[in-house]
Amino acid sequence: MGTRIIGKRERRVDILGKLTGLAKFAADYNAGHQLYGKVLRAKHPHARILHIDTSKAKMLDGVEAVLTAQDIPGEKVMGIVIKNQAILAFDKVRYLGDGVALVAARTKDVAEEALSLIRVDYEPLPVVSDPEEALKPDAPKIHGNDNAFVHHKVRKGDMEKGFAQADFVIERKFRTPCIEHSYIEPEAVLAEPAEHGGVLITGSVQNLFSSRRSVAAALKLDLNRVQIIQATLGGSFGGKDEVMTSMCCRAALLALATGKPVKMVNSREESMLESYKRHPYVLYYKWGAKKDGSITAMQCKCIADGGAYSSMSPFVTWRSVVQATGPYYCENVKTDVHAAYTNNNYTGAMRGFGSPQVNFAIESMMDELAEKVGKDPLQIRLQNGFKTGAVTATGQKLTHNVSLLEVLTKAADAGDFLAKWKKYRSAPDAPKKRGIGLACSYRGVSLGAEGVDAAGTIVSVQTDGSVIVSSGITDMGQGAQTQMSQIAAEVLGISMSRIRFMNTNTSRVPDSGPTVASRGTIMGGSAAKKAAEIVRETLLGVGAEMGRLTPDQCDLVDDFLVEKATGKRLASFAELAAACFASGKPMYGLGWYKAPHTSWHEDEGTGDAYFTFVYGANVAEVEVDTETGKVDVINFVTCHDVGKAINRNTILGQFYGGVAMGIGYGLLEEFDYEDSVPKQLNFDEYLIATSMDVPPIKAIVVENEDAAGPFGAKSIGEPTTELAAPAIGNAIRNAIGRRVFEIPATLERVLLGHKLSRKGERGSARKEIMAVDSCKLGRGAQ
Amino acid sequence: MNKQITLTINGEARAVEVGPTDILLDVLREKLGIKSPKIGCERGDCGACTVLLDGKSVRSCLILAIEADGHKITTLEGLSRNGLTPLQESFLKHSSFQCGFCAPGIVLSATELLAKHPHPSEEEIKESISGNLCRCTGYKPIIEAIAAVSNARRKSV
């Protein structure tokens, strides 16, 4: 199908204000006579709350409200899957980020002083900070009687038979780190009492509808009395979900308690202390294989650190269990993924959502297998990799175009992989050695069998021919607004300059679920296409009357109504819009898209988990300093099948940004604790990739259009970041002949094979825990 | 004790009363309504608060407002008072930014670079923005847009 706007490098619809300083992020909003809200956080990672005395704080001049959990009129706990996260802790604190009390005051300084006047008596409890420790019977319990709260499994074939058929077994243990999202914009909201009851919240919220549900439940309000408007969002990466929900609830509580607008902004330290993270995993992989390189059995056990609350752990670990054996043929599979509560930060959604962890293990294992049977990493993957029609570990038959071999071959060719791999492998010892590594993956698109998967987008043509688009799918920088606009423009035959995209407002667009799982383009875009088609049909009807033609003889092209056969221009788009309005016809369309069927059988561990999949491959070339263990990535190839590139600019933005984040995962980033006390709370100690850390990147966009997506488009946000770490790990192995089994591949892990750090005593054995010094929490920016 | 200071902000003289420990970033955002410098880390690590002080890029979170007394400050708001600069145009064309929270800082860092070195090497470009953290873009679309300005200048000479 020929397209005019789709596939073009159209300018982002949200870029101009970001370049002139006019873009308004949440912390840029103020209301007259607003109060400043602050949170008193836990003093211990695990303690019983005996008593909270707020009387002194309440008496401080300038303080307008001091609230604790007992002031919450409705539900005191939130949670999307398991409701166990307190908006304000009342029985226990379970990690250092827990909020215990709230203050609203006329100035920030007074608010902070008031926090210091709140007295909380605690009974410190034993702490558990290691998920494997947490699963032991004598471990301190975080919730109820069991720290184990998720166990997903996949079962296929007969493991005994699989291992019996094997010529050899490879058994390895891997560890992946806890990761901070590191959106550069810290969390912020402004909550205002609404004119006719309820509350209006403007904030840096990713998933507005789930936040709205919790605010309504906490405040005992109908959903229509809680309006959340998304401010231009300064990055999210899955991170501005529950942490924003609790901030919205807290600010709304204060606003309704005082009857005044309340602004809350986290400092970076507060943000890192409180916000949830990407799950650290311990992964035990055991594969049986034959001498020819075929795999007869794959057994995997993963333990995820769920932290203090359930959050999205049940879903994150479900994606892990589905994808834990990668895009490889194997008749006998047994996978178990567990999540355990600890006193660390709770862990939830982060770009990748359960795939970066398992991909590191799978792709490291694949290279170990290649080594064992004397094949090269490309050969072993081409031999074992899925082709169209393959049946996955969960028993799902892949009927779409399975392009794994295509992306692998293209990435390997572009990186000159084989020649370099052979050369580096036999290079003599030297202070600096180079290596090259390959990794690939398949990834289920959108939510899959996690839950209801539907979204709505609205296209509204104005009487002058300009167009307003809005959606329940949100933009956090990834470009969803631009893709949806392009799709609407394509269908309406108009230029992008006609379109304004409105930030999401929960009271004006339909609940479209969360903007997660790389579902923005495929779901929001499909809905945008439907919405535009509804409007197009009306416009063509009016246009046909104007030109005394039938609607199917007309078309909308380059901002004109034209006669299809001759291309003759009958009216400008603006004239057509005016005529449509004059005829009393609706110029408004709500497109609703529901994803194709998926299924899951939790007991059997089988199902058609996702309605389609995407495929990607990365090649990383590194230079390792063999004296210090320092690893530099010097070249990178990223290749992904995106279905159809709606916009090359936004696609490439995802490619490059995903690689940079993946390099951080492989080499730099680790949110580390000692007995559940975070060791880093700002960017001086939590290191993300700078411009100096990102190598030249070759990006290869593969397009195999998929019937499930708008104009054939699929997903790209998360696949781009889930492969760099194993590619780097394999490159290090190629360079120095040793593998890192734990990431990030810091100097000591590369050189010594393990982390250099004091081994904290087992947390449960310790009584006194050093709490985070409150002065480390920053000034509390506004 | 509070003190009245005078700043030339984006070409306009502004008098403002500040306390001895007031941070320039807070004075810009809260007292002068200039919101483009962003608060990201408050310790000079992320670069989101970058402004130009007499043409030199500084972290406004690390500078006391009184230190800026009598000096010229340029923020993102001031760059485009006479239309977008070629650098802004280039960022626009390349759609270099995603969430855009780092943009105010990066645009100013790159503005300083191009003022000093009209034709920087790629290494110089990378170094000029190495103090500005961006979590979205992988920096490449930003670097390409800066290089494109330099290349366009070369062609027009």
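Read on for a plain summary of the structure. Here the structure is a predicted model, which means the values were calculated and not measured.

**Examining the sheet that holds strand β13 (residues 226–230) of chain A**
Residue and element names in this part refer to chain A.
Then, number 1: One open sheet accounts for 7 strands, arranged β3-β7-β1-β14-β11-β12-β13; its pairing is mixed. Edge positions in the open sheet fall to β3 (63–67) and β13, since each of these has one partner strand only. Averaged over all pairs of adjacent strands, the angle between their axes in this sheet comes to 20°, without regard to strand direction.
Then, number 2: Bridge count between strand β12 (residues 199–203) and β13: 5 bridges; the pairing is parallel. Across the sheet, the residue bridging to Ile201 is Ile228, located in β13.
Then, number 3: Running over the sheet, helix α3 (residues 108–117) touches β1 (35–41), β3 and β7 (99–105) and is turned about 25° from β1.

**Quick word on empty space enclosed by the protein**
All names here are of chain A.
Then, number 1: Within this structure, the stated rule accounts for 13 cavities of 30 Å³ or more.
Then, number 2: Lining the largest cavity are 35 residues; nearest its centre among them are Gln478, Ser518, Gln654, Gly717 and Glu718.
Then, number 3: Listed by contribution, the elements that provide at least two residues to the lining of the largest cavity are α14 (480–492), α15 (520–546) and α17 (648–668).
Then, number 4: No other element matches α17, which puts 3 residues into the lining of the largest cavity.
Then, number 5: In terms of residue class, the lining of the largest cavity is made up of 14 nonpolar, 16 polar and 5 charged.

**Points about the pattern of salt bridges**
Residue and element names in this part refer to chain A.
Then, number 1: Applying the stated criterion across every chain, the model contains 53 salt bridges over all chains.
Then, number 2: In this structure, Arg733 and Glu371 form a salt bridge, with 3.7 Å as the shortest nitrogen-oxygen distance. Residue Arg733 is found in helix α18 (residues 724–736), and its partner Glu371 is found in helix α10 (residues 355–373); the two are separated by 362 residues along the sequence.
Then, number 3: The shortest N-O distance in the salt bridge between Asp706 and Lys714 comes to 3.2 Å.

**Comments concerning the sheet that holds strand β6 (residues 92–93) of chain A**
Residues and elements named next belong to chain A.
Then, number 1: If you trace the 3 strands from one edge of the open sheet to the other, you get β6-β2-β8, paired in antiparallel fashion. Looking at which strands have only one partner, the edges of the open sheet turn out to be β6 and β8 (119–124).
Then, number 2: Relative to β6, strand β2 (residues 47–53) runs antiparallel, the two being bridged by 2 bridges. Considered in β6, the bridge of Ala47 is made with Val93.

**Examining the layout of surface pockets**
Residue and element names in this part refer to chain A.
Then, number 1: The calculated volume of the second largest pocket comes to roughly 800 Å³.
Then, number 2: Taken together, 36 residues make up the lining of the second largest pocket; nearest its centre are Val13, Asp14, Gln481, Arg500 and Phe501.
Then, number 3: Elements supplying a minimum of two residues to the lining of the second largest pocket: α1 (16–20), β13, β19 (454–461), β20 (467–471) and β21 (499–501).
Then, number 4: For the lining of the second largest pocket, the class distribution of residues is 16 nonpolar, 12 polar and 8 charged.

**Brief notes about the pairing of β20 of chain A**
All names here are of chain A.
Then, number 1: Of all 5 residues in β20, 4 are buried; the element is thus mostly enclosed.
Then, number 2: Looking at chain direction, β19 and β20 are connected through 5 bridges and run antiparallel. Within the sheet, the bridge partner assigned to Thr457 lies in β20 and is Ser471.
Then, number 3: Hairpin connection between β19 and β20: a loop of 5 residues separates the two successive antiparallel strands, and Gly465 in this loop has a positive phi of roughly 90°.
Then, number 4: Of the pairings in the sheet, the one linking β20 to β21 comprises 3 bridges and is parallel in character. Across the sheet, Val467 pairs through a bridge with Ile499, a residue of β21.
Then, number 5: The β-α-β motif built from β20, the intervening α14 and the parallel element β21 has right-handed crossover chirality.

**Section: the interface of chain A and chain B**
Then, number 1: The interface of chain A with chain B comprises 57 residues on the first partner and 48 residues on the second.
Then, number 2: Summed over the shared surface of chain A and chain B, the number is 5 salt bridges.
Then, number 3: For the salt bridge of Asp684 of chain A with Arg43 of chain B, the shortest nitrogen-to-oxygen distance reads 3.2 Å.
Then, number 4: At the boundary of chain A and chain B, one finds 23 residue pairs in polar contact (both at pLDDT 80 or more).
Then, number 5: Among the secondary structure elements, those contributing two or more residues to the side of chain A that touches chain B are α1, α8 (268–274) and α17 of chain A.
Then, number 6: Among the elements that line the side of chain A that touches chain B, the one with the most residues is α17 of chain A, at 7 residues.
Then, number 7: Tallied by class, the residues present in the side of chain A that touches chain B amount to 23 nonpolar, 20 polar and 14 charged.

About the cut-offs
Residues numbered from 1 in each chain as written. Chains lettered and ligands numbered in written order. Predicted model: local features only at pLDDT ≥ 70, side-chain atom pairs only at ≥ 80, totals over all residues. Heavy atoms only, no water. Pairing = 2+ DSSP bridges. Helix = DSSP H or I, 4+ residues; strand = E, 2+ residues; numbered from the N terminus. Axes fitted to C-alpha atoms, helices over the stretch in contact; angles between N-to-C directions. Contact = heavy atoms within 4.5 Å. 1 Å grid on protein atoms, 1.4 Å probe; cavity = no way out; pocket = protein on both sides within 12 Å on 5 of 7 lines; lining within 4 Å. Points joined across faces, edges and corners; volume = space filled by probe spheres on them. Nonpolar A, V, L, I, M, F, W, Y, C, P; charged D, E, K, R; others polar. Salt bridge = Lys/Arg side-chain N within 4 Å of Asp/Glu carboxyl O. Buried < 20%, exposed > 50% of the residue type's maximum accessible area, 1.4 Å probe, protein only. Right-handed = clockwise from strand over helix to strand, strands pointing away. Polar contact = N/O pair within 3.5 Å; in protein donor to acceptor, adjacent residues only side chain to side chain.

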